[in-house]
Amino acid sequence: QVQLVESGGGLVQAGGSLRLSCAASGSIFRVNVMAWYRQAPGKQRELVATITMGGSTNYADSAKGRFTISRDNAKNTIFLQMNSLKPEDTAVYYCNADLLTTSWNLGHYWGQGTQVTVSS
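Residues numbered from 1 in each chain as written. Predicted model: local features only at pLDDT ≥ 70, side-chain atom pairs only at ≥ 80, totals over all residues. Heavy atoms only, no water.

### So, the nonpolar core
Here comes step 1: If you look at the biggest cluster of nonpolar residues, it comprises 30 residues, and the most contacted ones within it are Met-34, Trp-36, Val-48, Phe-67, Leu-80, Met-82 and Tyr-93.
Here comes step 2: For this core, the secondary structure elements donating two or more residues are β1 (2-7), β3 (18-26), β4 (28-39), β5 (46-51), β7 (67-72), β8 (77-82), β9 (91-101) and β11 (114-119).
Here comes step 3: For this core, the element with the highest residue contribution is β9, accounting for five residues.
Here comes step 4: Sequence-distant contacts of Met-34, that is, excluding residues within four places in its chain, are made with Cys-22, Ala-24, Ala-49, Thr-50, Ile-51, Ile-69, Arg-71, Asn-76, Ile-78, Cys-95, Asn-96 and Ala-97. (Core = buried A, V, L, I, M, F, W, Y, C linked by side-chain atoms within 4.5 Å. Buried < 20%, exposed > 50% of the residue type's maximum accessible area, 1.4 Å probe, protein only. Helix = DSSP H or I, 4+ residues; strand = E, 2+ residues; numbered from the N terminus. Contact = heavy atoms within 4.5 Å.)

### Some thoughts on the pairing of β1
Here comes step 1: Of the two faces of β1, the one holding Val-2, Leu-4 and Glu-6 is buried and the one holding Gln-3, Val-5 and Ser-7 is not buried anywhere.
Here comes step 2: With six bridges joining them, β1 and β3 adopt antiparallel strand pairing. The residue of β3 that forms the bridge with Val-5 is Ala-23. (Pairing = 2+ DSSP bridges.)

### Quick notes on the pattern of salt bridges
Here comes step 1: Counted according to the given criterion, the structure contains four salt bridges.
Here comes step 2: Across the pair Asp-61 and Lys-64 runs a salt bridge whose closest N-O atoms are separated by 3.2 Å.
Here comes step 3: Asp-89 serves as the salt-bridge partner of Arg-66, at 2.7 Å between the closest nitrogen and oxygen. Within this pair, whereas Arg-66 is found in the loop between β6 (57-59) and β7, its partner Asp-89 is found in the loop between β8 and β9, the two being separated by 23 residues in sequence. Across this residue pair, the class does not change: Arg-66 and Asp-89 are buried. (Salt bridge = Lys/Arg side-chain N within 4 Å of Asp/Glu carboxyl O.)

### Section: unusual backbone geometry
Here comes step 1: One non-glycine residue, Asn-76, adopts positive backbone phi at about 50°.
Here comes step 2: One non-glycine residue, Trp-104, lies in positive phi territory at about 65°.
Here comes step 3: Turning to its location among the elements, Trp-104 is positioned in the loop between β9 and β10 (106-110).

### A closer look at the state of the cysteines
Here comes step 1: Counted under the stated rule, the structure contains one disulfide.
Here comes step 2: Here Cys-22 is linked by a disulfide to Cys-95, with a sulfur-sulfur distance of 2.0 Å. Between Cys-22 and Cys-95, the S-S torsion sits near -75°, and that sign places the bridge as left-handed. Taken together, the residues Cys-22 in strand β3 and Cys-95 in strand β9 connect sequence positions 73 residues apart.
Here comes step 3: When its relative accessible area of 0% is taken as the criterion, Cys-95 is described as buried. (Disulfide = S-S within 2.5 Å.)

Structure below.
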């Protein structure tokens, strides 16, 4: 059993900041790539940022220069520091992990999501 639990969402004014966290737990042997996605109402889920076990990062154009993804490998946890937030950043943010379980199953796992609302 593997769980991804996000936290840190909330309501913030435009120009403000939020820090999201996602902790992976359970029968995990190794976590490979972790990522943040988001889904706004009426829109498809989109990739925000990814980070490898080695710390290499990749960002969507909308996130570059404003968001920073980081991870704590010892705790199987990732973070998303979001600065200069805009109303168009309003969405449910989901954590995602590609990981190998202790049963040697390679899987793609999702968290339950955390709501981020940016008011204008």
